[in-house]
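Structure at a glance
What follows is each chain in one-letter form.
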Amino acid sequence: MRLYKNIPGLILILMVLLAPMSAYAQSCSSPTFSRPSGVECVFDYITSITATGSSGVSSTISVSNTGCTVGHTDLFSSQGVTAYMGSSVNINLVRNSSIYTSYATLYVDWNGDGGYDATERVGNEVELFPYASTATITFDIPDCLAPSTHTRLLLLMSESLNNAGAPCAATWCQSFNFFLNIDCAPSTSISISPSSTS
């Protein structure tokens, strides 16, 4: 009888343990290719990434590649963007001249669970046409975030249009992980000078 009394509790524990497995944001583990072997990255890779933005946005992102780097590059501990709530951030990328069309997508780990899902995609998915070498993805920092947030930013280059939205929904070849620091807007101080009397 004691076992049956504990079943509701066991079910609750299982729900708590299993829920994160479906709720955690999806993140890519290894690249997937549809192009012939030897073509997927040698002729199609990101050579440069920088970040700019509106007033108050600063960046330490400085990626420079001279050759193919397949897979995921984690720069979370050293490179990223600091921005104020309500500001706009531009992620600028350069791709080597390629005969292929690729797509660049940007994600922010808004919920802080260490991964990314379709609802965390920001800005527009940018199409890199054959021989087109530059692109910029712009996104805004919401006003409703906590005064200070330290989270992750993912740039993904894929071979196909990512209609499903999630990072791993399309065949991809490169991804870069950065930090994103979000601070409250700088306070404005008002100084009042004493009035002079004659």
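Figured I'd write up the structure that's included with this text.

**Side note on the overall build of the protein**
When helices and strands are tallied, the protein shows one helix and eleven strands. Among the 198 residues that make up the protein, the fraction classed as buried is 39%. Taking the intrachain contacts of the protein between residues at least 6 apart in sequence as the baseline, contacts between residues at least 24 apart amount to 76%. For the protein, the accessible surface area stands at approximately 11,000 Å², while carbon and sulfur atoms represent 57% of it.

**Side note on the sheet that holds strand β9 (residues 134–140)**
Reading across from one edge, β3-β1-β6-β9 is the order of the four strands in this open sheet, with antiparallel pairing throughout. Lying at the two open borders of the sheet, with one neighbouring strand each, are β3 (63–64) and β9. When strand β1 (residues 46–53) meets strand β6 (residues 88–95), the two strands line up antiparallel, connected through seven bridges. What sits directly across from T50, in β6, is N92.

**Section: the packing of aromatic side chains**
Evaluation of the coordinates by the stated rule reveals one aromatic pair. Seen from the ring of F76, R152 lies directly overhead, with NZ or CZ sitting 3.8 Å from the centre.

**Side note on the pattern of salt bridges**
Overall, the coordinates contain one salt bridge when judged by the stated rule. Here E125 and R121 are joined by a salt bridge, their closest N and O atoms 3.8 Å apart. On the basis of relative accessibility, which here comes to 31%, the residue R121 falls in the partly exposed class.

**Details of the pairing of strand β5 (residues 80–84)**
Strand direction decides the pairing type here: strand β2 (residues 58–59) and β5, joined by two bridges, are antiparallel. Within the sheet, the bridge partner assigned to S59 lies in β5 and is V81. Looking at chain direction, β5 and strand β11 (residues 172–183) are connected through five bridges and run parallel. In the strand pairing of β11, T82 is matched with N181.

Each value, and the rule that gives it
- Residues numbered from 1 in each chain as written.
- Predicted model: local features only at pLDDT ≥ 70, side-chain atom pairs only at ≥ 80, totals over all residues.
- Heavy atoms only, no water.
- Helix = DSSP H or I, 4+ residues; strand = E, 2+ residues; numbered from the N terminus.
- Buried < 20%, exposed > 50% of the residue type's maximum accessible area, 1.4 Å probe, protein only.
- Contact = heavy atoms within 4.5 Å.
- Areas by Shrake-Rupley, 256 points an atom, 1.4 Å probe, with all protein chains shown as cover.
- Pairing = 2+ DSSP bridges.
- Phe/Tyr/Trp six-rings, centres within 6.5 Å; stacked < 30°, edge-to-face > 60°.
- Lys NZ or Arg CZ within 6 Å of the ring centre and 35° of its normal.
- Salt bridge = Lys/Arg side-chain N within 4 Å of Asp/Glu carboxyl O.

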